[in-house]
Amino acid sequence: MTVKTTTRPPHSPRSCSVARIWPWAVACIVFVVGELALRTYWIAGGRWGYTACDRTDLVGSAGGCGADRVATLPFWAGWGAVGVGVALAILVAVSIRFRGRALAAGNWRAAALLLVVAFPLHLLFEIPAAVAGRPSDWRDLGARLALLTGGILFAGLANAVGPRREAPVAGFQPVPRWTRRAAYVAVVLPVVGWAVPHGLWALGVPFGIATRQLADIHHDLSTPTGAAITLVPPVAGLLVLGLIQRWGQQFPRWVPGLRNRQVPPLLAVIPAATVALALVIYSVLSGAVFVGQLHAGELRWSDVREEWAVAGTLLVFLGWGVALGVATVGYALTTGRRGWRIHQHGQR
């Protein structure tokens, strides 16, 4: 008598999907639980890790701007953050049980929210300044880094719960011409629009600013801090070339253990998209404040003409963010098989 048995394939789509989701889900839960515990501690009266800088008139970044003297916790630092954390925990729990585009979209929105709140552009300037010796608020930097990490984790979860995509084409795939142009603009703008004027200011040249403002800059910034703030953004901007060069799709030969392997697209897309989003948001919000000051009479057109380089920086950030975003989209389309086919079809 022959007994027929059916065995489940050792790597069914379901088991592979679960294995793909669980690491991201666990990491997201750890992040949410940590944030909830910290916010609950603040609500109960504790102030470790809390900062009142930029929230009150208290001074002294070394002590969190007097955070221990803040009696009433702001809503979004306390109960508001707890509510958001509970919603994120529910989202993770549902993502473990179900799959689909709707859940992927929800997790992408959660990632975007955390990245916007973290405002990575602040880190891009504040961390080099802190390393160079400028007094900084480590509580604020730590909170932003934690939120940035959470945004990256939820982006990974969104990618895991979404529909399976076709495997990317192996090897280097040239990006479209418009992607290359956008990447070059994203590299040149921080040099021309940021490093050049800040370098001139560091040398004592009142390029596009008032003499009194130049004196304030030299009074507030030490030489190492000024050099860090001037050089870090354009140097970091050179990484944009990875979106159009071979080393952005394949690890170079000199990288031990990874030589010639494909670069996971999200490793490039998430940081680039995060910075692009931060740049655009900063320029739009700052532009709104600028227009509001003009409308209220707090700022005069004569001041704008005298300090045109300061106002021009907002346009530099906007162009930089848009160019980086366009280059990131081109890279994302190129590194996917489906996107590569679309690109090939468009070139015909």
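Before reading on, note that the structure itself is shown above.
Quick look at the structure, then. Position numbers for residues count from 1 along each chain, tracking the sequence in the order it is written. Where totals are concerned, whole chains, interfaces and linings use all residues; where local detail is concerned, this predicted model gives features only for residues with pLDDT of at least 70, and gives and counts side-chain atom pairs only at 80 or more. Water and hydrogen atoms play no part in the side-chain values, which are based on all heavy atoms of the structure.

### Notes on the overall build of the chain
Thought 1: Only DSSP runs of H or I with at least four residues qualify as helices, and only runs of E with at least two residues qualify as strands; both kinds are numbered from the N terminus onward. A tally of helices and strands in the chain yields 12 helices and zero strands.
Thought 2: When the helices and strands of the chain are read in sequence order from the N terminus, they spell out α-α-α-α-α-α-α-α-α-α-α-α.
Thought 3: Any two residues whose heavy atoms approach within 4.5 Å are treated as being in contact. For the chain, long-range pairs separated by at least 24 residues make up 73% of all intrachain contacts whose partners lie at least 6 apart in sequence.
Thought 4: For the chain, the accessible area works out to roughly 19800 Å², and carbon and sulfur atoms hold 67% of it. Surface exposure here means Shrake-Rupley accessible area, sampled with a 1.4 Å probe, where a residue is shielded only by the protein chains that are shown.

### Considering helix α2 (residues 79-97)
Thought 1: Expected helix span is given by 1.5 Å per residue-to-residue step, counting one fewer step than there are residues. End to end, α2 covers 28 Å across 19 residues, agreeing with the expected 27 Å (1.5 Å per residue, within 8%).
Thought 2: Here the term buried applies to any residue with accessible area under 20% of the maximum for its type, exposed to any over 50%, and partly exposed to those in between, with areas from a 1.4 Å probe on protein chains only. Of all the residues in α2, the buried ones are Gly80, Ala81, Val82, Gly85, Leu88, Leu91, Val92 and Ser95.

### Concerning the nonpolar core
Side chains of a nonpolar character, in soluble globular proteins, are inclined to be buried together.
Thought 1: With 24 residues, the main nonpolar core has Phe31, Phe154 and Leu157 as its most contacted residues.
Thought 2: Elements supplying a minimum of two residues to this core: α1 (13-43), α2, α3 (101-118) and α5 (138-161).
Thought 3: The dominant element in this core, judged by the number of residues it contributes, is α5, at eight residues.
Thought 4: Those residues in contact with Phe154 that lie beyond four places of it in its chain are Cys28, Phe31, Val32, Leu88, Leu91, Val92, Asn107, Ala110, Ala111 and Leu114.
Thought 5: Counting 23 residues, the second-largest nonpolar core is a separate cluster that includes Ala276, Phe317, Ala323 and Tyr331. Each nonpolar core is a collection of buried residues, namely Ala, Val, Leu, Ile, Met, Phe, Trp, Tyr and Cys, held together in the definition by side-chain atoms within 4.5 Å.

### Focus on the environment of Gly151
Thought 1: Examined against the element boundaries, Gly151 turns out to sit in helix α5.
Thought 2: The exposure class of Gly151 is buried, given its relative accessible area of 0%.
Thought 3: With 123 residues separating them in the primary sequence, Gly151 and Thr274 have C-alpha atoms 9.1 Å apart.
Thought 4: The contact partners of Gly151, leaving out residues within four places of it in the chain, are Ala111, Leu114 and Leu115.

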